[in-house]
Amino acid sequence: MRSRAVALVIAMAAVGLLATTGSAAAGQGETVCTWGGTPAAPTGVATFSPGITNTPSTGPIQFTATGVLAGSGCTGKLTYTGYFEPGHTCALNTAFHAKVTGLPRVVRVEGQPGVAGTALALLYDADGNVVGSEQAQFLTTFANESDPGYLSCSTPQGLTEAFWSDTVELFASR
């Protein structure tokens, strides 16, 4: 249980650091958006199939993450449709790959492995150029408030749905 508390502290620190970094960059021509609400009021919805458990997955985990964009110049609904590589758990993320719809210039996202909810993801255009980044925050709340999602990680079904929020940064066009 102590390792989960340590992971939570690390994750919260990483999210705070990235939020601060993104805000400073916004003055240099970048666009910083919220996606799926805020940490205090997450509205993004992610679904996982099969569910994510505490045991490393033996195959890919399909996911969809969708939510409303907000902020200066950020409107509409952004959706990722993709998969996590085998070995994914509730505590440790493997790399992920997804198609992106709803964000101009962006066609795909590649996420790095790391502690759950802290790994940076890079956004790519159709030519394979990195045009932005995003940092999900899955550590706020879950689809069923009376049964926090992390408890589902210990069940055979696993975590199949979660609410989250995110910060998306689009780099200035060149």
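Note that the structure is predicted; figures quoted are calculated from it, not measured.

## Considerations on the overall build of the chain
Then, number 1: When its secondary structure is counted, the chain shows two helices and 13 strands.
Then, number 2: Here the chain holds 174 residues, and 42% of them are scored as buried.
Then, number 3: Relative to all contacts within the chain whose residues are 6 or more apart in sequence, the contacts with residues 24 or more apart total 52%.

## Digging into unusual backbone geometry
Then, number 1: Note the cis peptide between Ser49 and Pro50, where omega equals -5°.
Then, number 2: Tracing the backbone shows Pro50 in strand S4 (residues 44-52).
Then, number 3: Phi at Arg105 is positive, roughly 75°, even though this residue is not glycine.
Then, number 4: As for its position among the elements, Arg105 is in the loop between strand S8 (96-101) and strand S9 (108-111).

## Brief notes about the state of the cysteines
Then, number 1: In the structure shown here, the tally under the stated rule is two disulfides.
Then, number 2: Here Cys33 is linked by a disulfide to Cys74, with a sulfur-sulfur distance of 1.8 Å. Because the sign of the S-S torsion sets the handedness, a value of about -60° for the bond joining Cys33 and Cys74 places this disulfide among the left-handed ones. Taken together, the residues span a long stretch of sequence, with Cys33 in strand S1 (residues 31-35) and Cys74 in the loop between strand S5 (61-70) and strand S6 (77-84) at a distance of 41 residues. Taken as a pair, Cys33 and Cys74 share a single burial class, namely buried.
Then, number 3: With its sulfur 1.9 Å from that of its partner, Cys90 forms a disulfide with Cys153. With the S-S bond torsion at -90°, the cross-link from Cys90 to Cys153 turns out left-handed. Highlighted residues: Cys90 in the loop between S6 and strand S7 (92-93) and Cys153 in the loop between helix H2 (149-152) and strand S13 (159-170), separated in sequence by 63 residues.
Then, number 4: Under the relative-accessibility criterion, Cys153 is labelled buried at 5%.

## What about the pairing of S13?
Sheet faces and side chains relate simply in a regular strand, where the side chains alternate between the two faces.
Then, number 1: Where S1 lies against S13, five bridges are found, and the strand directions are antiparallel. Bridging across to S13, Cys33 finds its partner in Val168.
Then, number 2: Bridging between S4 and S13 involves five bridges; their strand directions are antiparallel. Residue Val45 lies in a different strand from S13, and its bridge partner there is Phe163.
Then, number 3: Sheet topology places strand S12 (residues 130-137) next to S13; six bridges connect them, and they run antiparallel.

## Digging into the pattern of salt bridges
If the charged atoms of two oppositely charged side chains come close together, the side chains can form a pair.
Then, number 1: Inspection of the entire model under this criterion finds one salt bridge.
Then, number 2: Of the charged contacts, one joins Glu110 and Arg108 as a salt bridge, the two residues approaching to 3.0 Å between their closest N and O atoms.

## Focus: the environment of Lys99
Then, number 1: Inspection of the secondary structure puts Lys99 in strand S8.
Then, number 2: What makes Lys99 exposed here is its relative accessible area of 53%.
Then, number 3: Put simply, Lys99 and Glu110 are 11 residues apart on the chain and 9.2 Å apart in space, counted from C-alpha to C-alpha.
Then, number 4: Contacts of Lys99, omitting those with residues within four sequence positions, involve Thr79, Tyr80, Thr81, Val107 and Arg108.

Scoring rules and cut-offs
Residues numbered from 1 in each chain as written. Predicted model: local features only at pLDDT ≥ 70, side-chain atom pairs only at ≥ 80, totals over all residues. Heavy atoms only, no water. Helix = DSSP H or I, 4+ residues; strand = E, 2+ residues; numbered from the N terminus. Buried < 20%, exposed > 50% of the residue type's maximum accessible area, 1.4 Å probe, protein only. Contact = heavy atoms within 4.5 Å. Disulfide = S-S within 2.5 Å. Pairing = 2+ DSSP bridges. Salt bridge = Lys/Arg side-chain N within 4 Å of Asp/Glu carboxyl O.

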